[in-house]
Amino acid sequence: MNRSEQLEAADISPSEDDATIIERSARDPERFAAIFDRHAPYIHRYLARRLGAEAADDLVGETFLAAFRRRERFDTAHRDARPWLYGIATHIVSQHRRDEDRRYRIRQAYVPATSEASHADRVATAVTARSLRGLLSAALAKLSTGDRHVLLLVAWEELTYEQVGAALAIPVGTVRSRLNRARKQLREALGDADTTTTIEEALGNG
């Protein structure tokens, strides 16, 4: 039975919004599996970027288990559950902050070897990228936890200010101030490069 057939058997329409599924899962817990199917890849990617792929494999389950236990507290005025899930995942990241700090320090120290056969321009590009990665990792490690959460949710996950506010349970004004502060610190560390673009280019998907 494919996924569409499973959803149909469970009387879940693929177009049914998250809020409806979560609300109905209070009476029929198995319905919550649709939330996992829809959002697990995004939450896993976010956790892998923050803590590494191995940790993400374990913590994505922890995130959805926590979400399942809290599902009756989900605000159904929000039809998309992903910001809520990012908030739970971010809280779990905070619990593993030492792992994250260590990950950024390793990034800063690690300089991969460059093939001797590389052309000069490729070598220059690689050196620049590694340099930016080291500077960025060091700068991210120095950010406060709250500022780092906001910056990475905006830069990596492309959440709006409103979605970040919902994810972290903070006002939009606080999101703006934390993001501005984080970007200022990164600009000081990285120079004039565009902060958001530099995060994507220097850290990539890992």
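Quick look at the structure, then. (Residues numbered from 1 in each chain as written. Predicted model: local features only at pLDDT ≥ 70, side-chain atom pairs only at ≥ 80, totals over all residues. Heavy atoms only, no water.)

**Thoughts on the nonpolar core**
Then, in step 1: With 47 residues, the main nonpolar core has Ile43, Leu47, Phe64, Trp84 and Val164 as its most contacted residues.
Then, in step 2: In terms of residue count, the dominant contributor to this core is helix α3 (residues 33–51) (8 residues). (Core = buried A, V, L, I, M, F, W, Y, C linked by side-chain atoms within 4.5 Å. Buried < 20%, exposed > 50% of the residue type's maximum accessible area, 1.4 Å probe, protein only. Helix = DSSP H or I, 4+ residues; strand = E, 2+ residues; numbered from the N terminus.)

**Considering helix α5 (residues 82–95)**
Then, in step 1: The first and last C-alpha atoms of α5 sit 20 Å apart over 14 residues, in line with the 20 Å expected at 1.5 Å per residue.
Then, in step 2: Among the 14 residues in α5, 10 count as buried, and that is most of the element.
Then, in step 3: Among all positions of α5, only Pro83, Trp84, Leu85, Tyr86, Gly87, Ile88, Ala89, Thr90, Ile92 and Val93 are buried. (Expected span 1.5 Å × (residues − 1).)

**Side note on the environment of Arg176**
Then, in step 1: For Arg176, the position within the fold is in helix α10 (residues 172–190).
Then, in step 2: Taking the C-alpha atoms as reference points, Arg176 and Tyr161, separated by 15 residues in sequence, lie 7.2 Å from one another.

**Description of the packing of α3 against helix α4 (residues 53–69)**
Any two packed helices are characterised by the angle at which their axes cross and by the distance between the axes.
Then, in step 1: Look at α3 against α4: their axes get within 8 Å of each other, and the N-to-C directions meet at 140°. When the axes of α3 and α4 are compared, the pair comes out oblique. Of the two possible hands of crossing, α3 and α4 adopt the one that is right-handed. Contacts between α3 and α4 involve Ile35, Phe36, His39, Ala40, Ile43, His44, Leu47, Ala48 and Leu51 from the former and Ala53, Ala55, Ala56, Asp57, Leu59, Val60, Thr63 and Phe64 from the latter.
Then, in step 2: Taken together, the residues of the contact of α3 with α4 sort by class into 13 nonpolar, 3 polar and 1 charged. (Axes fitted to C-alpha atoms, helices over the stretch in contact; angles between N-to-C directions. Parallel < 35°, antiparallel > 145°, perpendicular 65-115°, else oblique. Left-handed = near helix turned anticlockwise from the far one by under 90°. Contact = heavy atoms within 4.5 Å. Nonpolar A, V, L, I, M, F, W, Y, C, P; charged D, E, K, R; others polar.)

**Concerning the pattern of salt bridges**
Then, in step 1: Going through the model one piece at a time under the given rule, you end up with 7 salt bridges.
Then, in step 2: For Asp17, the salt bridge is made with Arg79, and the minimal N-O distance between the two is 3.1 Å. In this pair, Asp17 is assigned in the loop between α1 (3–9) and α2 (18–25) and Arg79 in the loop between α4 and α5, connecting sequence segments 62 residues apart.
Then, in step 3: The exposure class of Asp17 is partly exposed, given its relative accessible area of 26%.
Then, in step 4: The residue Glu157 makes a salt bridge to Arg45 at a minimum N-O spacing of 2.8 Å. Within this pair, whereas Glu157 is found in the loop between α8 (145–155) and α9 (161–168), its partner Arg45 is found in helix α3, the two being separated by 112 residues in sequence. (Salt bridge = Lys/Arg side-chain N within 4 Å of Asp/Glu carboxyl O.)

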